[in-house]
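Below are the chains, spelled out letter by letter.
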Amino acid sequence: MLRTTIYYYLPPPELSAGRGGGQGRSEERLYLTIWDERAVDPRWSGGKGAGVAKILRAISELKAMGLPVSVPFAIILTPHFTKRLLNSEPRILEKVKKLEEALGKGEEVGELLEEIRDLIMGLTFPPELEKALDEAIELLRKEGLRAGKEEPIRIAVRSSGLAEDLPSASFAGQYETILNVKLNDKEEVKKAVLKCLASVYGDRVTDYRQKLRNKGMKLPSETEIASKGLFSIILQL
């Protein structure tokens, strides 16, 4: 049996005092740049996102020494973003609760997972998320042009879980990564974001999570993952 310590990053706190920046109400930051000091905190950016942000800072020190190294600019859509997106469709949480119950009973869940993924892929972005994504795309475009990239600029879209890259659970290769996404096609970007989010409920990764739970590891429940948005999405040049 594994130790029952809670091995995942708790989501960032929802503070009441906001600081503008077009990020939505209060301190519910919907996105961060890789330069933001909070990007190194996996509660905001997930295990993978925090790792990228830490590498950027380490590389910056080498670059200051004259070495020709760099890390491509990235935007991180935070757990607040994914939470609002998932919670915009109540049927997702209803299906996820059924999933959690079925997993607890050891039942077959393939069809239920497919239904959840279909619901996620059919999501419509609420207005505040549309605005946040517009801002993120514009930042990526400006940084891409500054880095010498030509239009149409292409990005990679990757998931970054709050229960990922942990000492006892790497989740390596379990989630979706979409390459060569055209930045000037917002619908393509949105589809890639949804595809990454839907991969949270892939057959293989769901089975992996449950096996870890059965071994005694206290991962977040399926319901917590959906209701709290325990995921970030990385948009990287």
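To be clear, the structure that these remarks concern was listed above.
Residues numbered from 1 in each chain as written. Predicted model: local features only at pLDDT ≥ 70, side-chain atom pairs only at ≥ 80, totals over all residues. Heavy atoms only, no water.

**Quick notes on empty space enclosed by the protein**
Working step 1: Under the counting rule described, the total for this entry stands at two cavities of 30 Å³ or more.
Working step 2: Of the voids in this model, the second largest cavity is the one considered here, and its volume is about 50 Å³.
Working step 3: Residues belonging to the lining of the second largest cavity are distributed by class as follows: eight nonpolar, two polar and no charged. (1 Å grid on protein atoms, 1.4 Å probe; cavity = no way out; pocket = protein on both sides within 12 Å on 5 of 7 lines; lining within 4 Å. Points joined across faces, edges and corners; volume = space filled by probe spheres on them. Nonpolar A, V, L, I, M, F, W, Y, C, P; charged D, E, K, R; others polar.)

**So, the packing of helix 4 (residues 110-121) against helix 6 (residues 186-198)**
Working step 1: Put simply, helix 4 and helix 6 touch, their axes get as near as 9 Å, and they point 155° apart. Compared by their axis directions, helix 4 and helix 6 come out roughly antiparallel. Taken as a pair, helix 4 and helix 6 cross one another with a handedness that is right-handed. In this structure, helix 4 uses Arg117, Ile120 and Met121 to contact helix 6, whose residues at the interface are Lys191, Leu194, Lys195, Leu197 and Ala198.
Working step 2: For the contact of helix 4 with helix 6, a count of residues per class yields five nonpolar, no polar and three charged. (Axes fitted to C-alpha atoms, helices over the stretch in contact; angles between N-to-C directions. Helix = DSSP H or I, 4+ residues; strand = E, 2+ residues; numbered from the N terminus. Parallel < 35°, antiparallel > 145°, perpendicular 65-115°, else oblique. Left-handed = near helix turned anticlockwise from the far one by under 90°. Contact = heavy atoms within 4.5 Å.)

**With respect to the packing of aromatic side chains**
Working step 1: Throughout the structure, instances matching the rule amount to two aromatic pairs.
Working step 2: Each ring, one from Trp35 and one from Phe73, has its centre 4.8 Å from the other, and the planes form 55°; the classification is tilted. Of this pair, Trp35 sits in the loop between strand 1 (31-33) and helix 1 (42-64) while Phe73 sits in the loop between helix 1 and strand 2 (74-77), placing them 38 residues apart in sequence.
Working step 3: Judged by centre distance (6.2 Å) and plane angle (65°), the rings of Phe81 and Phe125 are edge-to-face. Taken as a pair, Phe81 in helix 2 (residues 79-87) and Phe125 in the loop between helix 4 and helix 5 (127-146) lie far apart in primary sequence, 44 residues in all. When sorted by exposure, Phe81 lands in the same class as Phe125, which is buried.
Working step 4: Between Arg38 and the ring centre of Trp44, over which it is positioned, the NZ or CZ distance is 5.5 Å.
Working step 5: A cation over an aromatic ring shows up here: Arg209 above the ring of Tyr201, its NZ or CZ 5.6 Å from the ring centre. (Phe/Tyr/Trp six-rings, centres within 6.5 Å; stacked < 30°, edge-to-face > 60°. Buried < 20%, exposed > 50% of the residue type's maximum accessible area, 1.4 Å probe, protein only. Lys NZ or Arg CZ within 6 Å of the ring centre and 35° of its normal.)

**Observations regarding the layout of surface pockets**
Working step 1: As a volume, the largest pocket reaches approximately 320 Å³.
Working step 2: In terms of lining, the largest pocket is formed by 14 residues, of which the most central are Lys63, Ser70, Val71, Pro72 and Phe73.
Working step 3: Broken down by secondary-structure element, the contributors of at least two residues to the lining of the largest pocket are helix 1 and helix 5.
Working step 4: Looking at the lining of the largest pocket, its residues break down into eight nonpolar, two polar and four charged.
Working step 5: Here the second largest pocket defines a volume of roughly 160 Å³.
Working step 6: Among the elements that take part in the lining of the second largest pocket, helix 7 (residues 203-214) stands out by supplying four residues, more than any other.

**Looking at a negative patch on the surface**
Working step 1: There is a patch of like negative charges on the surface, built from Glu108, Glu111, Glu114 and Asp118.
Working step 2: Checked against the element boundaries, Asp118 lands in helix 4. (Patch = residues over 30% accessible without salt bridge, like charges linked within 9 Å, V, L, I, M, F, W, Y side chains within 5 Å. Areas by Shrake-Rupley, 256 points an atom, 1.4 Å probe, with all protein chains shown as cover. Salt bridge = Lys/Arg side-chain N within 4 Å of Asp/Glu carboxyl O. Lys, Arg positive; Asp, Glu negative; His and termini not counted. Charge placed at Lys NZ, Arg CZ, Asp CG, Glu CD.)

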